[in-house]
Amino acid sequence: MSRVAVLKGGGSLERQVSLRSGARVEDALQRLGHDVVAIDVGGDLVARLRRDAPDVAFVAMHGRDGEDGTVQELLEILGIPYTASGVSACMRCADKVLSKHAMYDAGIATPDFYSFTETAFKELGAAEALGDIEERLEFPIVVKPADQGSALGVRFARSAADVPPALVAAFSYSHKVLLERHVHGRELAVSILGDEPLPIVEAVPREEDFYDFSARYTIGRTSFVCPAQLGDAVTDAAQALALDVFRLLGCRGFARVDLMLEEETGQLFVLEVNAIPGLTETSLLPQAADAAGIGFDELIGRIVEMALQPA
Amino acid sequence: MKSSAMRDLMAITERPEVISLAGGLPDTSTFPAESLAALTAKMAATGAARALQYAPTEGMAAAKACIAEVMAYEGTPVDPEDVLVTTGGQQVIDLVCKTLVDPGDVVVAEAPTYPGAVPTFMSYQADVVQIAMDDDGMRVDELEATLDRLDTEGRRPKFIYTIPSFQNPAGVTLSLPRRKRLVEVARERELLVLEDNPYGLLRYEGEPLPTLHSLDHGEFVIYLGTFSKILSPGIRLGWTTAPAPVLEKMNLGKQGADLCSPAFSQMFVASYFEHDRWQDYLESLKDLYRRRRDTMLDALAEHFPREASWTRPQGGLFIWATLPEYIDTTDLLARALSHNVAFVPGRAAYLDGRGGSSMRLNFSGVSDDDIREGIRRIGDVVREQVGLYGTLTGGAAPAPREASATGRPEPDPDLADVLHLPPRTAPDRRTDAR
């Protein structure tokens, strides 16, 4: 059995979720007989990793530092194998603008968007271009920070008047934001384990909460269906698309790809890829694994094995 | 509020590198350690067995005598027999709900209301109706209109929850005419009022106002008091006095909840009142908090843009600041956290989604240096947002960069990366003179 360092917490806004993911991973690793070292990531990370000298690090962090390649880079320097994607894939997934450009270039459908930094508005007069953007994307427009997980800072703008406050909100989380065409349809999450897509999870918001992201972020106000009732053709297409994106961005181990199935056209669009999706009791990837007959302990065991024996 | 987003943000405010104006903590660092040692030693020598034993549910006579003394000091005489000692003031809110509220019942509260009462109201599934406030506290005319409306719907509130003095979070105080009218309204309509009065004795200026309980002689007013803000929140002692049938039910509820409040704490309070002058300590706290309030008001005037407004409390622990409506303070908190400073977003004080542009700022539990630095950082973030909105709408000019003009330091480049929270190298922030 191996000595596994579980990296969790840190200073990101998703600290709480990460602590819950980490605690659950620790329990599973212990049940599997591993020697577990839990690390709430802070200023002593490198010193602790040197001292504890784990065989492998399980990165159970979400958001800044843990999911954007920063911690992965440190693990590379220290020569410690780690779970999930490497540095460059993490960087591409964490930055929605980068990943969407990569999808564009590869011909993978992602909703049309425009992206700006705060500097563009403050110093280059980008506000003058807002009217053109609004015309091309059509309302409602989704405004989101480029590199923030969960639904933090995401707003729907239904008219031109909604755009400035939505931008101010999004810029609270990031120096870069994107304005994206809103795809009306069904929300699908395809988790990948190894190089196999898992059964699809559909997020079904209560109708009245459709435009209320805070409601959708609140447990109990969105229900999840797994496997999603889609029909074989759409299921196959969504899973194939998710696997394409996973490979395109260079992910490994596991990840979750969020898709939209447009109601009007039946077309699939990729919204984003989560390099380290949540692993809590209510998270989507464990639900999907469960639907495939893979229990949580087995899931965690396989993820660690993959990290120790990279393909 | 119940949003997990806000909970997740608030979790980060507890990190050591963050200057948190989000707390509601009294400053316990000034309580003399030798006094604490002497009092505990006396307790051990003379009453160890009793201090380690259960106490009566209603509380120990010696503690209730101290409570009567505190209430008399605030012009609210009470028979110690009519007092129920509780585990903090918070337990009173819980017991009142437990006694009176069935799921779906209406509870009337102020807008904004005490964020700590919100989860309690929610756990009893109360339908909370919030009444606006102005500089004179709750708008009693709006209260009456709301009660009329509820009446036509056949709904009768179980009680009206108010913090009349130095309200948490708004910092405002209910004026004397409104106090009198509120008590009349309660009497006319035979409605119970829960008067939450943790801060009444922490007045830094102006004339004291009578408690609702003293105006009503306890007929319709349930009174909530606490030692948390005049002595220590760590001893977890509060109290209530209420109309007899309500008090009886609360006593039963308390038996079910925790049998009794700690005998140890009750004897500590009794010993403290016997040997020390609690009024002297109260005066020292008032001096400390008055100075910190003034520090915060000065810092707000210096660092917040003219688009912001804030209350000027005559006492208590909190200032309530309101920003232009296009700024959402929950989002703003994310940006503030990247500058290692925190506050409570206004939404936490509402059950109906309002309060999005306001924030609660605490001045009692933070050093003067941290107050100045914390407000400076929040002010910077707010000005950035105001300026950004100006450029987005082509309206107001960007906020001027005053940092160099006023000799203030430039922002730390390590803090520039939004939401990144670098650990501070200096372990003791309080000595940091920036």
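All values reported here derive from a predicted model rather than from experimental measurement.

A word on the domain arrangement of chain A
Residue and element names in this part refer to chain A.
No. 1: Annotation of chain A at the domain level lists domain 1 (3-84), domain 2 (93-108 + 184-293) and domain 3 (113-181).
No. 2: Here domain 1 and domain 3 have C-alpha centroids that lie 33 Å from each other.
No. 3: At the interface, 6 residues of domain 1 touch 4 residues of domain 3.
No. 4: The residue inventory of the side of domain 1 that touches domain 3, partitioned by class, reads 1 nonpolar, 2 polar and 3 charged.

Quick word on unusual backbone geometry
No. 1: Of note, the bond from Cys226(A) into Pro227(A) is cis; its omega dihedral lies within 30 degrees of zero at -5 degrees.
No. 2: Of note, Pro227(A) is situated in the loop between strand 11 (222-225) and helix 10 (232-248).
No. 3: In this structure, Pro112(B) follows Ala111(B) across a cis peptide bond, with omega equal to 0 degrees.
No. 4: The residue Ala84(A) is not glycine, and still its phi comes out positive at about 65 degrees.
No. 5: By the secondary structure assignment, Ala84(A) is in the loop between helix 3 (70-78) and helix 4 (87-94).
No. 6: On the basis of neighbour counts, which here come to 24 C-beta atoms within 10 Å, the residue Ala84(A) falls in the buried class.

As for the sheet that holds strand 6 (residues 155-157) of chain A
All names here are of chain A.
No. 1: In space, the 4 strands of this open sheet follow the order 4-7-5-6, with antiparallel pairing throughout. In this open sheet, the two edge strands, each paired with only one partner strand, are strand 4 (113-117) and strand 6. Neighbour-to-neighbour, the strand axes of this sheet turn through a mean angle of 25 degrees, independent of strand direction.
No. 2: Both strand 5 (residues 141-145) and strand 7 (residues 176-181) contribute to a ladder of 5 bridges, which runs antiparallel. The residue bridging Val143 from the neighbouring strand is Leu179, located in strand 7.
No. 3: Contacting strand 4, strand 5 and strand 7, helix 7 (residues 130-137) crosses the sheet at an angle of about 35 degrees to strand 7.

Regarding helix 13 (residues 368-393) of chain B
All names here are of chain B.
No. 1: When the terminal C-alpha atoms of helix 13 are compared, their 37 Å separation across 26 residues agrees well with the 38 Å that a helix rising 1.5 Å per residue should span.
No. 2: Along helix 13, 20 of the 26 residues are buried, which leaves the element largely enclosed by surrounding structure.
No. 3: Residue Gly394 follows helix 13 closely and has a positive phi angle near 70 degrees.

Quick notes on the rules
Residues numbered from 1 in each chain as written. Chains lettered and ligands numbered in written order. Predicted model: local features only at pLDDT ≥ 70, side-chain atom pairs only at ≥ 80, totals over all residues. Domains from an automatic or database assignment. Contact = placed C-beta atoms within 7 Å. Nonpolar A, V, L, I, M, F, W, Y, C, P; charged D, E, K, R; others polar. Helix = DSSP H or I, 4+ residues; strand = E, 2+ residues; numbered from the N terminus. Buried ≥ 20, exposed ≤ 12 C-beta atoms within 10 Å, placed from the backbone. Pairing = 2+ DSSP bridges. Axes fitted to C-alpha atoms, helices over the stretch in contact; angles between N-to-C directions. Expected span 1.5 Å × (residues − 1).

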